[in-house]
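# Coordinates in review
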Amino acid sequence: MKIAVVLGTRPEIIKMAPIIDEIIKRGIDLTILHTGQHYDKEMSDNFFRDLEIPAPDYNIRVGSGSHAKQTALMMDGIEEVLMDEKPDIVLVQGDTNAVLAGSLVASKLHIAVGHVEAGLRSFDMTMPEEVNRRVCDVTSTMYFVPTEQSAINLLAEGYSRKNLFITGNTVVDACFRHLEIAKKRGFDEESLADLDIDNMDNILTLTMHRAENVDDKSRVGNIIDALKELSDMNIIFPIHPRTKKTLQGFGLFDELNNLNHVHIIKPVGYLDFLQLTSKSTLILTDSGGLQEEAITLNVPALTLRYNTERPETVSAGGNILVGSDKDVILENANKILNDKEFAEKMKNAPNPYGQGDSAKLTVDAIQKYYDDGLLDIRAPENIMSSFERKMTSVDEDITVNEFEDRNNASIHMLFDGEKMRFPVDNLKLKGMCVTYDEYK
Ligand code: UD1
Ligand code: UDP
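These figures come from a predicted structure and were not determined experimentally. (Residues numbered from 1 in each chain as written. Chains lettered and ligands numbered in written order. Predicted model: local features only at pLDDT ≥ 70, side-chain atom pairs only at ≥ 80, totals over all residues. Heavy atoms only, no water.)

### Some details on helix α16 (residues 326–338)
A rise of 1.5 Å per residue sets the reference length of α16, with its 13 residues, at 18 Å; its end C-alpha atoms lie 18 Å apart and thus fit the reference within 8%. Buried within α16 we find I329, L330, N332, A333 and I336. In this structure, the buried side of α16 is in contact with α10 (217–229), β11 (282–285), β12 (301–303), β13 (319–321) and α17 (340–347). Capping the start of α16 is the job of one residue whose side-chain oxygen sits 3.1 Å from the backbone nitrogen of D327: D325. (Helix = DSSP H or I, 4+ residues; strand = E, 2+ residues; numbered from the N terminus. Expected span 1.5 Å × (residues − 1). Buried < 20%, exposed > 50% of the residue type's maximum accessible area, 1.4 Å probe, protein only. Contact = heavy atoms within 4.5 Å. Polar contact = N/O pair within 3.5 Å; in protein donor to acceptor, adjacent residues only side chain to side chain.)

Dropping the structure here:
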């Protein structure tokens, strides 16, 4: 079997690293293709170094540009590589332009697509990430979903449960594996070593790069107004290159940089960043990955957004959406700082993203699909057959598998009287309402 991994940005490198490790450990043939969307050493090479994964076999070097230009260049480069390499499956991760380009190209070459971190939905189609993840899901063969909630998002859009694998999120694997290594090594980045983080209290780690925040002067201005008033905190801000550029363009960079309690630094490597976040009292962010890492590292998070495709972090109690509203940011930050009970409750929120074995579960599922011949993409043989969708309530002792066998059916959705549940094979259906596709 040959697996191709397509990645292009910082979070994809971090979240694909545990899967790359697992593929190598099993001696499976691997091709790594970097789109070159992130190209600064601080946004790319340092992560291959810190996470100890091999350098990419190919780098398409698309660089920065408009969405259309970037995606088109990626598609052209990815197609050339895939036609040469002929992998059995292409893995993409998350919701970046690499995910859009990689999945479109692979599916048109009739190569199976595995979407790692599938099923997330912000339900906000103005976000480029929402478009990317939805398009990718349409083209995918295997869906590695982090939680039951993301699986249900896909069921609700009509995807078959058979192709959904609830694996947790590989970010937990990366966090667990590298935190101890990081602590033993200490800080590498001079900017962090000089700040003497180990002896610093009240650390607030800040990251923001989301287009809807940093490209909007009034939103980013409100956030900065809140930061000004958080002078009891030591705010450490490894700044994303996009944010640096827009803050400079708005004339806000120097204003923020001149505040004594705000330390703007270059983006730091993963081992440095894990140490920084794990020592933080509070994380203020609009990053997707950081919302997941915060709850994994037991650090309260305030998310600078009005929606999130990670609602599990909010319902678990570890994350609060504060948008870019100065008063809401300040109210919640001060509560975490001053109300011990409140802060403890946030810290102790259960992690919805698994035990750190997500990469293993993902590669297990791929191996099984390959062995069963399910990665061969062909036109369906039963194209002339039809199916009927039915809904029924079940009052006998029967499992999902038994129900499907008996009715020559595929269960589509189920409702346990209170909430939607994911139909795992051996789940007992008694008392539930089931929607299913019956094959004729
Ligand atoms: C991209 C992803 C976003 C992800 C983020 C992770 C898309 C649509 N967006 O956003 O989902 O959360 O990466 O960080 O795929 N730049 C540099 N050096 C670099 C990379 C970028 O200076 O190495 C600057 C350029 O000015 C560029 C800007 O940052 O125009 C934005 O970069 P881009 O990759 O287009 O989007 P991100 O905001 O990084
Ligand atoms: N990160 C890092 N160094 C930094 C800032 C972030 O290593 O200076 C890591 C962080 O731990 C997380 C990932 O980058 O795993 C998140 O990337 P980003 O916020 O750029 O993208 P998103 O997750 O929002 O797509």
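### What to know about unusual backbone geometry
Phi angles above zero are rare outside glycine, and E52 is one such case at about 55 degrees. Looking at the element boundaries, E52 is found in the loop between α2 (45–50) and β3 (58–59). Its relative accessible area of 59% is what places E52 among the exposed residues.

### As for the environment of L91
Along the chain, L91 turns up in strand β4 (residues 89–93). Given the relative accessible area of 0%, L91 is considered buried. Taking C-alpha positions, L91 is 16 Å from P54, a pair spaced 37 residues apart along the chain. Excluding residues within four positions of it along the chain, L91 makes contact with I3, A4, V5, V6, M16, I19, I23, G114, F144 and I366.

### Thoughts on the sheet that holds strand β2 (residues 29–34)
Judged by pairing direction, the sheet is parallel, and its seven strands sit side by side in the order β3-β2-β1-β4-β5-β6-β7 without closing on themselves. Taken across any chain shown, the strands that pair with only one partner, and hence form the sheet edges, are β3 and β7 (164–166). Two elements, β2 and β3, share two bridges in a ladder whose sense is parallel. The partner of H34 across the bridge, within β3, is N59. In the packing of helix α4 (residues 97–108) onto the sheet, the strands contacted are β1 (2–7), β4 and β5 (112–116), and the crossing angle to β4 comes to about 160 degrees. (Pairing = 2+ DSSP bridges. Axes fitted to C-alpha atoms, helices over the stretch in contact; angles between N-to-C directions.)

### A look at the confidence of the model for the chain
Per-residue pLDDT for the chain averages 96, and the proportion of residues at 70 or more is 99%. Confidence, read as mean pLDDT per element, is least for helix α8 (residues 190–195) in the chain (88) and greatest for β4 (99). (pLDDT = per-residue confidence, 0-100.)

### With respect to the pairing of strand β15 (residues 409–415)
Extensive coverage of β15 is indicated by the burial of five of its seven residues. Sheet topology note: the β15/strand β17 (residues 433–439) ladder contains six bridges and is antiparallel. By the bridge assignment for β17, A409 is matched with E438. As defined by bridge partners, β15 adjoins strand β16 (residues 420–421) across two bridges and the pair is classed as antiparallel. Its bridge partner lying in β16, L414 is registered against R421. Linking β15 to β16, which pair antiparallel, is a turn of four residues; within it G417 sits at a positive phi near 100 degrees.

### What about the site of ligand 1?
Taken together, 20 residues are adjacent to ligand 1, and H38, Y39, E129, H209 and R242 come closest. One of the side-chain nitrogen or oxygen atoms of E129 is found 2.7 Å away from an oxygen atom of ligand 1. Interatomic distance of 3.4 Å between a side-chain N/O atom of R210 and an oxygen atom of ligand 1. Surface burial for ligand 1 is 89%, taken as the share of its 750 Å² of free accessible area covered by protein chains. Breaking the shell around ligand 1 down by element, the ones donating at least two residues are α3 (67–85) and α11 (241–250). (Near = heavy atom within 4 Å. Areas by Shrake-Rupley, 256 points an atom, 1.4 Å probe, with all protein chains shown as cover.)

### Some remarks on the nonpolar core
One finds V5, I23, L91, M142, I197 and I236 to be the most contacted residues of the largest nonpolar core, which totals 52 residues. The biggest single contributor to this core is helix α1 (residues 10–25), with seven residues. In terms of nonpolar packing, the next biggest core, distinct from the first, is built from 32 residues, L206, V214, L252 and L282 among them. (Core = buried A, V, L, I, M, F, W, Y, C linked by side-chain atoms within 4.5 Å.)

### Thoughts on α10
For the α-helix, the turn length of 3.6 residues means that residues three or four positions removed from each other point alike. Across its 13 residues, α10 extends 19 Å between first and last C-alpha, which sits within 8% of the 18 Å expected from 1.5 Å per residue. All of the buried residues in α10 are R219, V220, G221, I223, I224, A226 and L227.

### A look at the site of ligand 2
Around ligand 2, 16 residues are found, and the nearest of them are R210, V268, S287, G289 and E293. The contact in question runs from an oxygen atom of ligand 2 to an N or O atom on the side chain of R210, over 2.6 Å. At 2.8 Å, a backbone N or O of G288 approaches an oxygen atom of ligand 2. Expressed as a share of its isolated accessible area of 540 Å², the protein-covered part of ligand 2 is 95%. Elements with a contribution of two residues or more to the shell around ligand 2: α1, α13 (270–278) and α14 (288–296). Split by residue class, the shell around ligand 2 holds eight nonpolar, five polar and three charged. (Nonpolar A, V, L, I, M, F, W, Y, C, P; charged D, E, K, R; others polar.)

### Thoughts on the pattern of salt bridges
Per the counting criterion, the structure on display carries 39 salt bridges. Residues R121 and D137 are paired through a salt bridge, measuring 2.9 Å at the closest nitrogen-oxygen approach. Taken together, the residues R121 in the loop between β5 and α5 (128–139) and D137 in helix α5 connect sequence positions 16 residues apart. The two residues R121 and D137 agree in class, both being buried. (Salt bridge = Lys/Arg side-chain N within 4 Å of Asp/Glu carboxyl O.)

### As for the side chain of E404
Residue placement: E404 occurs in helix α19 (residues 400–407). Owing to a relative accessible area of 4%, E404 belongs among the buried residues under this scheme. Within the local environment of E404, its side chain forms a polar contact with the backbone nitrogen of I411, the two atoms lying 2.7 Å apart. Not counting chain neighbours up to four residues away, the residues in contact with E404 comprise R161, K162, A409, S410 and I411.

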